[in-house]
Amino acid sequence: MSDACGTHSQFTIDHSQKQKMKLLEDILIIDFSQFLSGPSAALRLADMGAEVIKVERPGTGDICRELYVSDVMIEGESTIFHAINRNKESYAADLKNPDDLFKIKQLIAKADVVMHNFRPGVMERIGLDYASVKQIKPDIIYAEISGYGAEGPWKDLPGQDLLLQSASGLALLSNNNDESPTPMGVAVVDIMAGTHVAQGILAALFRKGQTGEGALVQVSMLESILDFQFEVLTCYYNDGRQLPVRGSVNSAHAYIAAPYGIYKTNDDYIALAMTNIPTLAELLQCEPLKEFINSNDWFAKRDEIKAILAKHLATQSAQHWLAVLEKADVWCAPVMDYDALVKQEGYRVLEMEIKVKTGNGLTVSTTRCPIRVDGELLISEKGAPTLGEHNKQIEQQFGLTSHLVAASK
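These figures come from a predicted structure and were not determined experimentally.

Our next topic: the packing of helix H10 (residues 277-284) against helix H12 (residues 302-313). Following both chains from N to C, one finds H10 and H12 inclined at 15°, their axes separated by 12 Å at the closest point. On the basis of their axis angle, the class for H10 and H12 is roughly parallel. Relative to H12, H10 is oriented so that their crossing is left-handed. Contact with H10, carried on its side by Ile-277, Leu-280 and Leu-284, involves Ile-305, Leu-309, His-312 and Leu-313 of H12 and no other residues of that element. Looking at the contact of H10 with H12 residue by residue, the class counts come to six nonpolar, one polar and no charged.

Written out as structure tokens, the structure reads:
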């Protein structure tokens, strides 16, 4: 892997020094991606110690800067942008400008990884597709995220999270059977695609350390969200292609028997996972449940069981039922909103909240990398960059020159 001078670091290190080194120290990543999928992958690699240079269009930058998900803005920009682009550097460059493109190619010559999430054909038109970049840096690791893959009739469709949740079948797994398809309330497709491309990059970096070879890492959002559903799809493939059927009552999983679901008590909600129905009936003192002694009925008659259970649980408070169930080691949990969650010691001890500072000195609260290595958190106080904040620094660090200067030498 190349450092700022183009030399190569070694994967084998003195173990006495490993606490002092970042996991991906000296790894340089040039990230052209926007929105969430690619930037989420670059964020994780930055958390592991890589230097991530985010290449953005002058004037507007990453469109995610203005992708508002609420009326909460930070320095006039989207909260999502600040959450997913912390710990990075911003380099503003117009890829249609020959001088800017010349500088970008110089930067790529020093890089270990180039990544983007444009639709198929975009990077080819710019002249920064894998074949072209490989000519600049033969051992480059080139990673790309598409919506539906590089081939086939869907390749030019927009790779947007809600659309992929819908097209992939995911939205038909949540809610009760008589309710409308229900998407997850987070950008799960984007984040899963980012996770998968980060895994591919890490594996390619390992191989490069062994053989010196680069790689083309490709992930589509559709493939990522299909893999996310491997449990349900494997059932579908091996069950005569029978479609999964959501339960009619308190549904939480198409292939899991009662009591699996979320239930309303007389004051709040609780979640119940897999458990023995007769045991549950005894603990809850619910006589109608005691007749379901045959475990085969727990799936075949899940709606009937859940209806009985829902009616019974509505007679007492959530804390009453949780006290009974937790004491018996039954898998259960309260259903909490964020206000309740952040007050819990189980949450506070994890120290998931961190504060970062933007280039303008503004403090932003966000979540940290969830990975610990040797007991240490992977934390940086560096917030999301302002557009083009690091242009001068990057040009000096890597000795970037204009094509006119280069031609005169």
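Attention now moves to the pairing of strand S13 (residues 363-367). Residues Val-364 and Thr-366 line the buried face of S13, whereas the alternating positions Thr-363, Ser-365 and Thr-367 sit on a face that is not buried. If you look at the hairpin formed by strand S12 (residues 353-357) and S13, you'll find five residues sitting between the two strands, and Gly-361 has a positive phi there, around 85°.

Core analysis: the largest hydrophobic core is formed by 37 residues, its most contacted members being Leu-24, Ile-29, Met-115, Val-197, Ile-201 and Leu-205. Listing elements by their share of this core, those giving two or more residues are helix H1 (37-47), strand S6 (113-116), strand S7 (141-146), helix H7 (188-211), strand S8 (215-220) and helix H8 (221-228). Ranked by residue count, the leading element in this core is H7, at nine residues. Beyond its immediate stretch of four places on either side in the chain, Ile-29 contacts Leu-45, Ala-50, Glu-51, Val-52, Ile-53, Val-113 and Met-115. Counting residues in each nonpolar core, the second largest holds 24 residues, with Phe-32, Tyr-91, Leu-107 and Phe-398 among its members.

Further remarks concern the pattern of salt bridges. Scanning the entire structure with this criterion turns up 15 salt bridges. As a salt-bridge pair, Asp-47 and Arg-44 come within 2.6 Å of each other at their nearest N and O atoms. With Asp-47 and Arg-44 both in helix H1, this residue pair falls three residues apart, about one helical turn. Given a relative accessible area of 7%, Asp-47 falls into the buried group. By relative accessible area, Arg-44 is classed as partly exposed at 23%.

Attention now moves to the sheet that holds strand S11 (residues 332-334). Reading across the sheet, the three strands line up as S9-S10-S11 and stay open at both edges, with antiparallel pairing between neighbours. Looking at which strands have only one partner, the edges of the open sheet turn out to be strand S9 (261-264) and S11. For this sheet, the mean inter-axis angle between neighbouring strands, taken without regard to orientation, is 25°. Judged from the three bridges that link them, strand S10 (residues 269-272) and S11 form a sheet pairing that is antiparallel. Its bridge partner lying in S11, Leu-272 is registered against Cys-332. Where helix H13 (residues 318-327) meets the sheet, its contacts fall on S10 and S11, and the angle it forms with S10 comes to roughly 25°.

Here the focus is the pairing of S7. Taken across its six residues, S7 has six buried, putting it largely inside the fold. The alternating pattern of S7 places Ile-141, Ala-143 and Ile-145 and Tyr-142, Glu-144 and Ser-146 on opposite faces, both of which are buried. Pairing analysis gives four bridges linking S6 to S7, with the strands arranged parallel. Bridge pairing in S7 places His-116 opposite Glu-144. Both S7 and S8 contribute to a ladder of six bridges, which runs parallel.

This paragraph deals with the sheet that holds S8. Taken together, the six strands give an open sheet; going across it, the order is S5-S2-S1-S6-S7-S8, and neighbouring strands pair in parallel fashion. The open sheet is flanked by strand S5 (89-92) and S8, the only strands paired with a single partner. Across this sheet, the average inter-strand angle for adjacent strands is 20°, counted without regard to direction. In the packing of H1 onto the sheet, contacts are made with strand S1 (28-31), strand S2 (51-56), S6 and S7, and the angle to S1 comes to roughly 165°.

By secondary structure assignment, the location of Leu-362 is in the loop between S12 and S13. Under the relative-accessibility criterion, Leu-362 is labelled partly exposed at 34%. Considering only alpha carbons, one finds Leu-362 and Ile-74, 288 residues apart in sequence, at a separation of 8.6 Å. Leaving out residues up to four positions away in the same chain, Leu-362 has contacts with Ile-74, Glu-75, Val-356 and Lys-357.

The end-to-end C-alpha distance of H7 is 34 Å, a good match for the 34 Å that 24 residues give at a rise of 1.5 Å each. Gly-212, located one to two residues past H7, shows a positive phi value of around 80°.

Criteria and cut-off values
Residues numbered from 1 in each chain as written. Predicted model: local features only at pLDDT ≥ 70, side-chain atom pairs only at ≥ 80, totals over all residues. Heavy atoms only, no water. Axes fitted to C-alpha atoms, helices over the stretch in contact; angles between N-to-C directions. Helix = DSSP H or I, 4+ residues; strand = E, 2+ residues; numbered from the N terminus. Parallel < 35°, antiparallel > 145°, perpendicular 65-115°, else oblique. Left-handed = near helix turned anticlockwise from the far one by under 90°. Contact = heavy atoms within 4.5 Å. Nonpolar A, V, L, I, M, F, W, Y, C, P; charged D, E, K, R; others polar. Buried < 20%, exposed > 50% of the residue type's maximum accessible area, 1.4 Å probe, protein only. Pairing = 2+ DSSP bridges. Core = buried A, V, L, I, M, F, W, Y, C linked by side-chain atoms within 4.5 Å. Salt bridge = Lys/Arg side-chain N within 4 Å of Asp/Glu carboxyl O. Expected span 1.5 Å × (residues − 1).

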